[in-house]
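# A closer look at the structure
The primary structure of each chain is shown beneath.
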Amino acid sequence: MELAALLKSVYSFIQRQWKFMGLFLLIGVVFGLTYNHLKTPYFETSAITTSGLSYFEGIVDPAELEYPIIDQKIAVDMVNALGEIVQSNEYELFARVIGVSVEVAKTVKWIEAEQLYELDLENRRQKQSQFKITIRVLDNQSIKIVQEGLINYFNKNLYSNKNYSLFTKQTPELIAYLNQEISDVKEYRSLLKNKSNVELSSVSIANDDSELMQNEIVQLFERKQDLERDLELLKPISFVSNFPVYKQPKSRLLVRLGIFICFFLFMGFVLAIFREVKKLAS
C-alpha cells in the first residue's frame, strides 16, 4: 500500500508540474544544439601499433615462450607523454618533438595510447604485443602527417635509438655465429656418417650422436630464423594498421544533448519540488 501511495503521489506531482519540467527539458535541448553547433568539430581515428623497445632492452626473454609477448609499457608511456604536451597546448614543443609544422601541431587536440589485451581460456586478461593509439585532429589532412611524426619521434628518441642501434648491430653478429655453428655441426655429423671399419657397437653410438646433432642443427636453425624475423619486423614503432582518414568529423551531438537534457531536467525537477513545497506552505 505504501508503494502504491508513493507511486500515486509521484504521478500526481508529474501531472501538476510536467509543463514546468518540460520547459527545462526544452531549454536543455536548445543549449545542447547550440553548444554542438559552436563547438569545433574534430576527427577521431585509431591505429594498432607495436614496438620492440622492451625486446631491445632485454626485458623479454625469447626463451620464456614460443612466441613471447612484448610488453608495450615503454611505448605507451612515450605516446602518453606526447598527450600531456598536447593537453598543455604547447604546440611549438609538440611540433619540435615529433618533427611537424606548428600549423599541423595546432590541429592535434588529443593523443592517447593504451595497451591491448585478450582473454585467455580461463577468462583472464592477457597482454598482447600491440597497443592502440587514438588521436583527435581538427583537420583530417593532419592524420597521415601525425602518423609519420610518431614514427620520427620513436626513431629519433635517444633512448629508443640507442637500444635499436645495439639490436641491429648485435643481431647480425649472432646470426653469423649461428650460421658458423650450424656449419661446424653439419661437418662433424658428416664425418661420423663417413666413418668406416668400426665395430657394430661403435656404429650404434655414432648413429645416436648423429641424431643428437641433427636435433641440435634444427634448434640452431630455428633460432637463426627467429632472429632474422625479429631483425626484419621489430622496430622502435611499427603500424599494424594505419590511422584511417575519415571524411566526416566525429559526431558528439547525442552525447552533448544527453548531458544538457539531463542537467536541465534535473534542475527543473528540483525547482518543481520547491514550487510544490512553497505552494503547500502558502
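Above this text you will find the structure in question.
The structure presented is a predicted model; accordingly, all values stated were derived computationally and were not measured. (Residues numbered from 1 in each chain as written. Predicted model: local features only at pLDDT ≥ 70, side-chain atom pairs only at ≥ 80, totals over all residues. Heavy atoms only, no water.)

### Some thoughts on the packing of aromatic side chains
- Scanning the model with the defined rule gives seven aromatic pairs in all.
- Feature note: the residues Tyr55, Phe56, Tyr164 and Phe167 constitute an aromatic cluster, connected by ring pairs.
- Here the basic side chain of Arg125 rests over the ring of Tyr117, its NZ or CZ set 3.9 Å away from the ring centre.
- For the cation-ring pair, Arg136 lies above Trp110, with the distance from its terminal atom to the ring centre recorded as 5.1 Å. (Phe/Tyr/Trp six-rings, centres within 6.5 Å; stacked < 30°, edge-to-face > 60°. Lys NZ or Arg CZ within 6 Å of the ring centre and 35° of its normal.)

### Let's talk about the packing of helix α3 (residues 73–87) against helix α6 (residues 142–156)
- Orientation of α3 relative to α6, taken along the N-to-C sense of each, is 120°, at an axis distance of 12 Å. Here α6 runs oblique to α3, going by the angle between their axes. For the pair α3 and α6, the sense of crossing is right-handed. Counting all contacts with α3, which are made through Ala75, Met78, Val79 and Leu82, the residues of α6 involved are Leu150, Tyr153 and Phe154. (Axes fitted to C-alpha atoms, helices over the stretch in contact; angles between N-to-C directions. Helix = DSSP H or I, 4+ residues; strand = E, 2+ residues; numbered from the N terminus. Parallel < 35°, antiparallel > 145°, perpendicular 65-115°, else oblique. Left-handed = near helix turned anticlockwise from the far one by under 90°. Contact = heavy atoms within 4.5 Å.)

### Observations regarding the environment of Asn152
- Its location among the elements puts Asn152 in helix α6.
- Each C-alpha atom of the pair Asn152 and Val100 lies 9.5 Å from the other, and the pair is 52 residues apart in sequence.
- If we skip the residues at most four places from it in the chain, Asn152 touches Ile98 and Gly99.
- A distance of 3.1 Å separates a polar atom in the side chain of Asn152 from the backbone oxygen of Ile98. (Polar contact = N/O pair within 3.5 Å; in protein donor to acceptor, adjacent residues only side chain to side chain.)

### Points about α3
- End to end, α3 covers 21 Å across 15 residues, agreeing with the expected 21 Å (1.5 Å per residue, within 8%).
- Listed in full, the buried residues belonging to α3 are Ile74, Ala75, Val76, Met78, Val79, Leu82, Gly83, Ile85 and Val86.
- At the C-terminal side of α3, Asn89 shows a positive phi close to 60°. (Expected span 1.5 Å × (residues − 1). Buried < 20%, exposed > 50% of the residue type's maximum accessible area, 1.4 Å probe, protein only.)

### With respect to α6
- With 15 residues, α6 extends 21 Å from end C-alpha to end C-alpha; this agrees with the ideal 21 Å at 1.5 Å per step.
- Residues of α6 that are buried include every one of Ser142, Ile143, Val146, Gln147, Gly149, Leu150, Tyr153 and Phe154, and no others. The arc that holds the buried residues of α6, viewed along the axis, is 160°, so those residues lie on one side. (Arc of directions from axis to C-beta.)

Read these as geometric descriptors, not functional statements.
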